[in-house]
Every structure is written in C-alpha cells, then in structure tokens.
Amino acid sequence: MERRDYGPRAPRPYEFVEIEPLSPNDRRAPKGHEQYHADTVSGRLEATLIVATPLHVSSGRFKMRRGQDPLLVKELTRVNGQPCVPASTLKGVVRSVVEAITRSCVRITRARTDQLPRGTAPCRDKENLCLACRMFGAMGFEGHVRFGDAVLGDDTGKLGIARMPALYAPRGRTRAYFAGNDVKGRKFYKHGKTITQANTPVEVLLPESQLQFDIRFENLSPGELGVLLTALGLGESQLVLKLGGGKPACYGSAVVLLNGLQIWEDTHALYGDYDIKRVTQSTDKYLSEASTLLLADQLRDLAEIWTYDMSQQCPEGNY
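Residues numbered from 1 in each chain as written. Predicted model: local features only at pLDDT ≥ 70, side-chain atom pairs only at ≥ 80, totals over all residues. Heavy atoms only, no water.

Asks: Please explain the overall build of the chain as it appears in this structure.
Replies: Counting secondary structure elements, the chain contains six helices and 19 strands. Sorting the 319 residues of the chain into buried and exposed places 49% on the buried side. Within the chain, counting contacts between residues at least 6 apart in sequence, those at least 24 apart form 81% of the total. (Helix = DSSP H or I, 4+ residues; strand = E, 2+ residues; numbered from the N terminus. Buried < 20%, exposed > 50% of the residue type's maximum accessible area, 1.4 Å probe, protein only. Contact = heavy atoms within 4.5 Å.)

Asks: Is there a simple way to explain helix α1 (residues 87-101) in this structure?
Replies: An α-helix turns once every 3.6 residues. As a result, residues three or four positions apart point the same way. A rise of 1.5 Å per residue sets the reference length of α1, with its 15 residues, at 21 Å; its end C-alpha atoms lie 21 Å apart and thus fit the reference within 8%. Taken residue by residue, α1 has Ala87, Leu90, Val93, Val94, Arg95, Val97, Val98, Glu99, Ala100 and Ile101 as its buried positions. (Expected span 1.5 Å × (residues − 1).)

Asks: Looking at this model, I keep getting lost on the packing of aromatic side chains. Mind explaining?
Replies: For any pair of aromatic rings, the description consists of the separation of the ring centres together with the inter-plane angle of the planes. A complete count under the given rule lists six aromatic pairs for this structure. One aromatic cluster in this structure is built from Tyr14, Phe16, Tyr177 and Tyr189. Taking the ring centre of Tyr14 as reference, the NZ or CZ of Lys187 above it sits at 4.3 Å. (Phe/Tyr/Trp six-rings, centres within 6.5 Å; stacked < 30°, edge-to-face > 60°. Lys NZ or Arg CZ within 6 Å of the ring centre and 35° of its normal.)

Asks: Help me understand the nonpolar core in this model?
Replies: Nonpolar side chains in soluble globular proteins generally cluster together in the buried interior. In this structure, Leu49, Leu225 and Leu228 are the most contacted members of the largest nonpolar core, which totals 61 residues. Among the elements that make up this core, the one with the highest residue count is α1 (eight residues). Each residue touching Leu228, except ones within four places of it in the same chain, is listed here: Val94, Met135, Phe136, Val145, Phe147 and Ile215. Counting 11 residues, the second-largest nonpolar core is a separate cluster that includes Ile19, Val106, Leu116 and Phe178. (Core = buried A, V, L, I, M, F, W, Y, C linked by side-chain atoms within 4.5 Å.)

Asks: Looking at this structure, I do not really get the pattern of salt bridges. What am I missing?
Replies: Where charged atoms of side chains with opposite charge meet at close range, the side chains can pair. Scanning all chains against the criterion turns up 17 salt bridges. The salt bridge involving Arg95 is made with Glu99; its shortest N-O contact spans 2.9 Å. A residue pair is termed a helical-turn pair when its members lie 3 or 4 positions apart in one helix, as Arg95 and Glu99 do in helix α1 at four residues. Neither Arg95 nor Glu99 differs from the other in exposure class; each is buried. Notably, a salt bridge pairs Arg112 with Asp114, separated by 3.0 Å at the nearest N-O pair. Look at Arg112 and you get partly exposed, because its relative accessible area is 46%. (Salt bridge = Lys/Arg side-chain N within 4 Å of Asp/Glu carboxyl O.)

Asks: Is there a simple way to think about helix α4 (residues 222-231) in this case?
Replies: Summarising burial for α4: nine of the 10 residues are buried, a large majority. Buried residues of α4: Gly223, Glu224, Leu225, Gly226, Val227, Leu228, Leu229, Thr230 and Ala231, and no others.

Asks: Explain the packing of α1 against helix α6 (residues 296-305) here, please?
Replies: Helix-helix packing is characterised by the crossing angle of the two axes and by the distance between the axes. For the pair α1 and α6, the least separation of the axes is 8 Å and the interaxial angle reads 135°. When the axis of α1 is compared with that of α6, the two are oblique. Here Val97, Ala100 and Ile101 of α1 come into contact with α6, specifically with Gln298, Leu299 and Leu302. Broken down by class, the residue content of the contact of α1 with α6 amounts to five nonpolar, one polar and no charged. (Axes fitted to C-alpha atoms, helices over the stretch in contact; angles between N-to-C directions. Parallel < 35°, antiparallel > 145°, perpendicular 65-115°, else oblique. Nonpolar A, V, L, I, M, F, W, Y, C, P; charged D, E, K, R; others polar.)

Asks: For this particular structure, what's the right way to read the packing of α1 against α4?
Replies: Put simply, α1 and α4 touch, their axes get as near as 9 Å, and they point 115° apart. Crossing angle aside, the handedness with which α1 passes α4 is right-handed. For the pair formed by α1 and α4, the contact residues are Val94, Val97, Val98 and Ile101 on the first element and Val227, Leu228, Thr230 and Ala231 on the second. Considering only residue class, the contact of α1 with α4 consists of seven nonpolar, one polar and no charged. (Left-handed = near helix turned anticlockwise from the far one by under 90°.)

Asks: Is there a simple way to explain the pairing of strand β2 (residues 41-51) in this structure?
Replies: Within a regular strand, side chains alternate between the sheet's two faces. Of all 11 residues in β2, nine are buried, a share of seventy percent or more. As paired strands, β2 and strand β18 (residues 253-264) are joined by nine bridges and run antiparallel to one another. Bridged to Ala47 within β18 is Leu258. (Pairing = 2+ DSSP bridges.)

Asks: Just checking my understanding: could you explain the environment of Gly245 for this structure?
Replies: Looking at where Gly245 falls in the secondary structure, it is placed in the loop between β17 (241-242) and β18. It is 7.5 Å that separates the C-alpha atoms of Gly245 and Leu55, two residues lying 190 residues apart in sequence.

Asks: Just to check I follow, could you spell out the state of the cysteines for this structure?
Replies: The bond known as a disulfide is covalent and runs between the sulfur atoms of two cysteines. In the structure shown here, the tally under the stated rule is one disulfide. Take Cys123: it sits in no disulfide, and the sulfur closest to it among the cysteines is that of Cys130, at 3.7 Å. Exposure remark for Cys123: the relative accessible area of 8% places this residue in the buried category. Cys130 forms no disulfide, and the closest cysteine sulfur to it belongs to Cys133, at a distance of 3.6 Å. (Disulfide = S-S within 2.5 Å.)

Asks: What exactly am I supposed to notice about unusual backbone geometry here?
Replies: The general pattern is negative phi for most residues beyond glycine and trans for most peptide bonds. The backbone of Glu208 sits at a positive phi, close to 80°, despite the residue not being glycine. Mapped onto the fold, Glu208 is located in the loop between β15 (200-205) and β16 (210-220). The exposure class assigned to Glu208 is exposed, which follows from its relative accessible area of 68%. Although it is not a glycine, Asn219 adopts a positive phi angle of roughly 55°. Relative to the helices and strands, Asn219 resides in strand β16. Classification of Asn219 by relative accessible area gives buried; the value is 2%.

Here it is in structure tokens:
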C-alpha cells in the first residue's frame, strides 16, 4: 500500500521537560488532616487569572444562537451563570507544573513502568507519597491544597467566538513521545499566535478578561507553599500557564496575578475560635524556602518552553 503524503511537517508546538528519577527518600507520609502542625503553614491565597489568548474550557454542551452565525457553538463552562475556569482545570495545570519542577511521580501516563525513569511510577501507598501527591492528593488521600473556581466578573472581560481547528492524536505516538523504549519527558505546549479561523466554532474568553479565584491550603511546609507560588508563575521564573482546550493551536495562555496571601497566625486557635487572626504576608520567605525542593534545570526548561512569544505562529498543518 502506497504511503499517503501529508505534505511538509510544521514545527511542533510543544517540547518535553526531563523527568527526574526518584529515590525511596523522595516519598514519605503526608501530614494528614487530623491536626494543624506547628511547623507548617495554613491559609488562603487570592489571585486573578488574566487571559492572554482566547481561552475555552468546554461545558460539554452546544449552545444555540438563534439568528446568529454560527448557529451552534461549543459552550464555555459556567458556574451560577457566570463563565469560569473550573477548580479542577486550575488544579490540574498547577499540579502538572509541580510534578515537572520537583521530585514527583508521573501520575497520569499511558507509558509502562519500565518506560519511565527509575522510581517515578504513580504513587500507590497513601502513607508513602511524593511531594506533588502530598500537596494535591492521591488515591485514598485528600491533598492539602484546595482550588476554587476562577469566575469572570461582569465588568472584567467579555466573550467571543473563535474557530478552533480539529485536533487529533499523533499518528506515530511512539515516535512522537518516546526515545527508544523511554519516554522523552513531560509534554508542555508553547505559547504563540492563536489559530482562530478554522472549522470548529467555540465560545471563548477573550484576551484581557479577568477571573477571580482563591486557593486554600493547610499543613504545607513553608517550602511547599513556595513551590505552589512558583508553579503559579509568581516566583522568579514568571511562568505563563496553558489552560483548557486547543493548546496545540495556542489557545489558553493565561497569567496569574497575586492579590493577597493570608496566613493563619495561630493554628491552635483554628480548633475552636470563630474569628481567626489572618496575617497578610510577602511571598519572598516562602519562595526562598522552596529552593531546596525545586529542580533548577527542569524549572529553567519549562520557563523557556512557556516563554510568552506572540510572534510565534502555531502550526496550521501536520506536525
């Protein structure tokens, strides 16, 4: 059978971050939720998600627009009628960053254990977890970080319609994601100029839209809180996140702006007092504490992949 010619390949819109092998010492028992520990921090982080390129998180439904063209569009997710980025989407992307820049397992993968770097198979024992699983949860264990939905305010953005290209899994998956028998690394899509004139109409949050959200955390070490701040792009490496659908077509670039970091000052009072003293703090201390937990090479590589470059054109052809 003659092989079909798909034409010249476009530059791929993604790169890989190397996966660090794990040793048994990289897993340990989490702090748990039974009590507040004196050597940990608990509190709340308030932030704004600022959309940089059209952002679409699908509700799974189509929306009828009578008398308008196009008539049917893929609808955005909403909460109480307001467009939003669901907490699960936010948590997923931030967790993927934490997994990449710390000594953490490869939680979601189709690769076999023998295709992963040593010791990086998903955590199975809730009493013996890697850093990302301790922070965000694992099978049988609720994590210490809880995200809220990022909701669009009435006066902080607007909606539009974009035409997203049809996206398919790679034809040669093994060739695309493996080097011999081993996985190439964790995959992250680049930023660039969005493809908006294609064949699938979708409802999107337009650039400069602002969505408010918060993150509540408990029993994190100061270094783990610093890792969370770094993964949100609030550290020295100012990461621009990728969210939602259409990432290969450069959809979903967004920046996190910190509005406030509140730490519960007296954790013992959390057991019985209604009004807890909250202290607004600087992030510098926690970012400094994170240095021993971060993988410098992986953080540098991810920051390079996620450089916000609108002069870069996302590929419209095969890659």
